[in-house]
Amino acid sequence: MAFLEVKGIKKNYGSLQVLKGIDFSLEKGEVLAIIGSSGSGKTTLLRCLNMLETPSEGSFYLDGDLVYDAVRHIKANDAELRKKRLHFGLVFQNFNLFPQYNVKQNIMLAPKLLRKKALSAAKKELGKKRRIVFFYPMKGSKKSFYDLLKKEKARLLAEDKNFIEKLSDKADRLLDGVNLSEKANAYPCQLSGGQSQRVAIARALALEPDVLCFDEPTSALDPELTGEVLKVIRGLKSSSRTMIVVTHEMDFARSVADKVIFMADGVIEEEGTPEEVFGNPKSEKTKAFLLKAEDRI
């Protein structure tokens, strides 16, 4: 089985059918480029994979494990879906940075919130144990048991402090990786569009997703800033970084992708290697789309 298996994904909004049955697979470390005209369903597909939208039908697997199945969705609780959503990271076309936080705080925010939730759950369990000891008799000394609980709480707090220190170091490394170390204390309003998008990429990487998705990451940028963002994405391509990139940059898709999917009217019209899709397209719709793309250059 491939690293990512997508089977029969459909998405309806009432009577409007946006995705009409999407099937594809991706090996670990591969880069998939998804191209197509506006309204073809590209962004909806990414949002379904990231569970920002709920697929109407279909399923997908990651590394052999079921991540989502529309048939079983009714049985899945919100906590389970949130956990599975972490397998996928998404970089939006409009950055979506939090204006009240500086660059480094934006990168650290999601991991800190996840850690805070885990710490809160651990403290709650300690509270339950404390109440059990208080209300029910038990063999041995209650004082010694309370001492053990106190030590456990101190251990959790120490672990949390260590986590924050490591997260801070990680944020510094990620900023260095996108060439923005000097902007750690800057706020989003002080950044260019290209810098904001590079921060958004670092923020997505902070959660260490198995699959990193980009939704037209350069569509809001001018040509000069587009180049710096595409350079960062090129640098992410490695044997361990699996990526899905929705893009209107045909040259970029041709040079970086291992596989290319052309979508039209909610279906995969054509797929293959960059050489096959760009060099020898079979579908008339693909040919027409690529011809228009060349005219726009």
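Scroll up a little and you will see the structure.
Residues numbered from 1 in each chain as written. Predicted model: local features only at pLDDT ≥ 70, side-chain atom pairs only at ≥ 80, totals over all residues. Heavy atoms only, no water.

**Quick notes on a nonpolar patch on the surface**
- Taken together, the side chains of L86, L114 and L207 define a hydrophobic patch exposed on the protein surface, amounting to about 210 Å² of accessible area.
- Mapped onto the elements of the fold, L86 is located in the loop between α2 (78-85) and β6 (88-91). (Patch = residues over 30% accessible without salt bridge, like charges linked within 9 Å, V, L, I, M, F, W, Y side chains within 5 Å. Areas by Shrake-Rupley, 256 points an atom, 1.4 Å probe, with all protein chains shown as cover. Salt bridge = Lys/Arg side-chain N within 4 Å of Asp/Glu carboxyl O. Helix = DSSP H or I, 4+ residues; strand = E, 2+ residues; numbered from the N terminus.)

**Observations regarding helix α1 (residues 42-49)**
- Along α1, six of the eight residues are buried, which leaves the element largely enclosed by surrounding structure.
- With its phi angle positive at about 65°, M51 sits one or two positions after the end of α1. (Buried < 20%, exposed > 50% of the residue type's maximum accessible area, 1.4 Å probe, protein only.)

**So, the environment of Q105**
- Within the secondary structure layout, Q105 lies in helix α3 (residues 103-135).
- Q105 sits 98 residues away from R203 along the chain, and the two C-alpha atoms are 9.5 Å apart.

**A word on the sheet that holds strand β7 (residues 211-215)**
- Ordered in space as β6-β7-β8-β3-β9-β10, the six strands form an open sheet in which the pairing is mixed. Strands with a single pairing partner mark the edges of an open sheet, and in this sheet they are β6 and β10 (267-272). With strand direction ignored, the average angle separating the axes of adjacent strands in the sheet is 20°.
- As paired elements, strand β9 (residues 259-264) and β10 share five bridges and run antiparallel to each other. Each bridged residue has a counterpart across the sheet, and for M263 the counterpart in β10 is I268. (Pairing = 2+ DSSP bridges. Axes fitted to C-alpha atoms, helices over the stretch in contact; angles between N-to-C directions.)

**With respect to the pattern of salt bridges**
- Summed over all chains, the structure comprises 11 salt bridges.
- K10 serves as the salt-bridge partner of E57, at 3.7 Å between the closest nitrogen and oxygen. Separated by 47 residues along the polypeptide, E57 in strand β4 (residues 57-62) and K10 in strand β1 (residues 4-13) bring together distant segments of the chain.
- With relative accessibility at 40%, the residue E57 sits in the partly exposed group.
- K10 sits in the partly exposed class, given a relative accessible area of 24%.
- D258 is the salt-bridge partner of K237, the closest N and O atoms lying 3.6 Å from each other. Here K237, found in the loop between α6 (223-236) and β8 (242-246), pairs with D258, found in the loop between α7 (250-256) and β9; they are 21 residues apart in sequence, far enough to count as distant.
- Judged by its relative accessible area of 33%, K237 falls in the partly exposed class.

**Focus: the packing of aromatic side chains**
- Within the structure shown, the criterion is met by four aromatic pairs.
- Both rings, one in F60 and one in F88, keep their centres 5.8 Å apart while their planes meet at 85°; by these two values the pair is edge-to-face. In this pair, F60 sits in strand β4 while F88 sits in strand β6, placing the two residues 28 residues apart along the sequence.
- Note on F262 and F289: the rings are 5.1 Å apart at their centroids and 35° apart in plane angle, and the pair reads as tilted. Taken as a pair, F262 in strand β9 and F289 in helix α9 (residues 284-296) lie far apart in primary sequence, 27 residues in all. Accessibility classification places F262 together with F289 in one group, the buried group.
- Between the NZ or CZ atom of K11 and the centre of the ring of Y13, over which it lies, the distance is 5.0 Å.
- The positively charged end of R115 is found above the aromatic ring belonging to F163, 5.5 Å away from the centroid. (Phe/Tyr/Trp six-rings, centres within 6.5 Å; stacked < 30°, edge-to-face > 60°. Lys NZ or Arg CZ within 6 Å of the ring centre and 35° of its normal.)

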